[in-house]
Amino acid sequence: MQTPHNPWKSWARTAFTYLLTILATILTTLVLNALRQGISPTIISLLYLLPVGMAAALWGIGPAALAALLSFLELNYYFITPYYSLTVHQTQDLLGLFVFLGVSILISQLVGRVRSSLVQATAREHDAVRLYELSAHLVGLQDEQAIARAVAGQALIAFQASCVEVVIEQQPDVQSVHIRLNDETSFGELDASRVTGQPNLVPLQSGKGLLGELRVWRGDQLLSPTEERLLQIFASQTVLALERARLARAETRTRVLEESDRFKSSLLSSVSHELRTPLATIKASVTSLRSEEVPWDTEARADLLAAIEEETDHLNQLVGNLLNMARIEAGVLRPQCTPNSLAEIVSSALNRTRQQAQNHKILVDISDDLPLVPVDYVLIEQVLINLISNSVKYSPENSIVQIVARQVDNRSLRVTISNQGPPVPEEHLEHIFDKFFRITAADRVTGAGLGLSICKGIVEAHGGRIWARNMPGGFAFNFTLPLIGSDKLKNLQSGEQA
Amino acid sequence: MSTQPHILVIDDEAQILRALRTILTAKQFRVTTASRGEEGLALAAAQPPDLIVLDLSLPDIDGVEVCARLREWTQIPIIILSVRDGERDKVNALDKGADDYLTKPFGIEELLARIRVALRHSAQAQGSSKGSVINAGPLMIDLAQHTVTHSGTEIKLTATEFKLLAYLAANAGRVLTHQAILSHVWDPADAEHVEYLRVYMRQLRKKLEDDPNQPKYILNEPGIGYRFISDD
């Protein structure tokens, strides 16, 4: 299939340069012949160096050598006595001729060498520019699709190809990609002529095995050895980019794993502490009650049993919080929103926290005309329970905890739970909703540091916002809940009256 | 009741079975236990109990499935006892025919109260006289006369409010799902309009309860429905 056109063409071009060389020497002879009366033979022999130098500079060593030989012969034939013969009578002339031959060969060699290194340097510069363009396009690419597209695009330009294909095989951790780009400038649609001829194939070989293949079609024109080398470099650059992308992905994954690992271990240490505390109370109370050494009076028995019941509820609440935390972490917390009365939810949250809040005075202020709010009853109840129990925990006994709900505007309502506890340092206010964040030393007050972060997760899942603020003489949690589509409920409310 | 009521407990946890057997036997019930769904179904068919306490997570078949298969042939009251506390699980089990739902961990007094309510309802359903007057503290609801009084003073209710209260009171002690209340009091087509229920419930509580924010007669079952608490 390899067509001979190309060698023929370059042969013809070479033949043409030789022809031009011959013409140049003949022209020189004609001009010098016309001027021969006024010029000394020494100058003439010097002027014969002109076509030699020109041929060397323009066409390379071969034509230069020919020019040197022809100039030598023509000089001898036309300008050295006896004229019009190749014989030489004077030794001096013979010597001059040989010096001329030597000098012209030397010049042709030197100029030719400079010229060919110039050609090489230009080719190298071209390659370097192409490689620079390629690596500039590959910088920062992290997926196979983008890398393959960039390589194909650059190869299309660099090799003036009609079509380039980049094939990346499916691997563990690597998606399979097949990109084919055509030279847009020649024809719009892909046609068979574009992919005629043998493609130049280069494997994409990495240290870990074959990743795929780079294929370049360029009609009937073969790639020169330099271009083949460039294609090899393209392939190795592609492999490097693919490896880099794979490593970057692996690194991201590792970081995520580390993060989740850290989360799990802090959760574990915090949770095991939290779970053991109530268990310790339960175990101690039960073993005391079963012990036959101490005769418990009725009141003591009742106290121990109350402690067991309280701690059991506490454990159960903790497990509920953990489950919600896990749901929030996994991103599967989906509130089942139905129109609910906030007063109802607050009242059932108060029921559940009655035991914890028995030493505090709880005031509820929820206006009667507060519209129904579309929320998940159970989740918002959990938010209220956590906020109430946090308020109770961090404020002195017999102080007041106040729950106020107000409609802010047509779009949202706000719930404020305030207590008379100590203020929280301003720099901590933003962080109290973070996981495991605690202001006081871990052992002073129980709680896994999860409660508030769960509140944040739940309120945000409802499209609301939660924040904390120091108040004169206390501290307050606030959260908002959006009120969407509550207009028709309002109408219904004023509908039927007794 | 003259004879000891017979309770079948279906639960896969040996500790729960042991505790319930001990407690219920002490409370004068006759107790049979099963640790698998199929076993429970076979026991229920062979020797129909008066009440079934059923766990949802069983090793062979799901508790909801057990519930549905029991309902194909019997109206024996079923109380679900499960660690699953998602509202959807509860509503699903109640829809499939369970009479009540209790989340583990539970207080034994609560379980006993639910058992008593369920047994009473099944006795009423079997034809024993069904009182038309229901008392709850100072409240007296006369289903036949359509009147409600609080400490002797009549409370005026709209037609819908009375229908709602009557349905809750007639099922005193049992949890009624939002959907069940809506399709009974309004229309099955309105079963999804929980907002109707919330609005009427608020009006009703304002008229009945001493403190509508701390209801004593009509209790919330978060995410599921309501339960009316009567005296007996």
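Everything here concerns the structure above.
One structure accompanies this document, and this report is about it.

What counts and what doesn't
Residues numbered from 1 in each chain as written. Chains lettered and ligands numbered in written order. Predicted model: local features only at pLDDT ≥ 70, side-chain atom pairs only at ≥ 80, totals over all residues. Heavy atoms only, no water. Salt bridge = Lys/Arg side-chain N within 4 Å of Asp/Glu carboxyl O. Helix = DSSP H or I, 4+ residues; strand = E, 2+ residues; numbered from the N terminus. Buried < 20%, exposed > 50% of the residue type's maximum accessible area, 1.4 Å probe, protein only. Contact = heavy atoms within 4.5 Å. Buried area = accessible area lost by both parts, 1.4 Å probe. Polar contact = N/O pair within 3.5 Å; in protein donor to acceptor, adjacent residues only side chain to side chain. Axes fitted to C-alpha atoms, helices over the stretch in contact; angles between N-to-C directions. Left-handed = near helix turned anticlockwise from the far one by under 90°. Nonpolar A, V, L, I, M, F, W, Y, C, P; charged D, E, K, R; others polar.

A few points about the pattern of salt bridges
Phase 1 of the analysis: For the coordinates displayed, the defined rule picks out 23 salt bridges over all chains.
Phase 2 of the analysis: As a salt-bridge pair, Arg246(A) and Glu243(A) come within 3.7 Å of each other at their nearest N and O atoms. Here Glu243(A) and Arg246(A) lie together in helix α7 (residues 225-290), a separation of three residues that amounts to about one turn.
Phase 3 of the analysis: Note that Arg114(B) and Glu110(B) form a salt bridge whose closest N and O atoms lie 2.9 Å from each other.

Things to note about unusual backbone geometry
Phase 1 of the analysis: Here the amide bond leading from Lys104(B) into Pro105(B) is cis, since omega sits at -5 degrees, within 30 degrees of zero.
Phase 2 of the analysis: Turning to its location among the elements, Pro105(B) is positioned in the loop between β5 (100-103) and α5 (108-125).
Phase 3 of the analysis: A positive phi is found at Asn398(A), a non-glycine position, where the angle reads about 65 degrees.
Phase 4 of the analysis: Tracing the backbone shows Asn398(A) in the loop between α10 (377-393) and β8 (400-407).
Phase 5 of the analysis: For Asn398(A), a relative accessible area of 66% corresponds to the exposed category.
Phase 6 of the analysis: The residue Ser151(B) is not glycine, and still its phi comes out positive at about 50 degrees.
Phase 7 of the analysis: Positionally, Ser151(B) belongs in the loop between β8 (147-150) and β9 (153-154).
Phase 8 of the analysis: Ser151(B) sits in the exposed class, given a relative accessible area of 54%.

Describing the interface of chain B and chain A
Phase 1 of the analysis: The partner chain A presents 28 residues to the 26 residues of chain B that form the contact.
Phase 2 of the analysis: A buried area of about 2,300 Å², summed over both sides, lies between chain B and chain A, and 50% of it is on carbon and sulfur atoms.
Phase 3 of the analysis: There are two salt bridges connecting chain B and chain A.
Phase 4 of the analysis: The partner of Arg198(B) in a salt bridge is Glu344(A), and the shortest N-O contact between them spans 3.1 Å.
Phase 5 of the analysis: Inspection of the region where chain B meets chain A yields nine residue pairs in polar contact (both at pLDDT 80 or more).
Phase 6 of the analysis: Those elements that provide at least two residues to the side of chain B that touches chain A are α4 (87-95) and α8 (194-208) of chain B.
Phase 7 of the analysis: Ranked by the residues each element gives to the side of chain B that touches chain A, the list is headed by α8(B), at twelve residues.

A few points about the packing of α10(A) against helix α12 (residues 451-461) of chain A
Residues and elements named next belong to chain A.
Phase 1 of the analysis: For the pair α10 and α12, interaxial distance at closest approach is 9 Å and the crossing angle is 145 degrees. Our pair here, α10 against α12, has a crossing hand that is left-handed. Here α10 contributes Leu379, Ile380, Gln382, Val383, Asn386, Leu387 and Asn390 to the contact with α12, which in turn contributes Gly451, Leu452, Ile454, Cys455, Ile458 and Val459.
Phase 2 of the analysis: Of the residues contributing to the contact of α10 with α12, the split by class is nine nonpolar, four polar and no charged.

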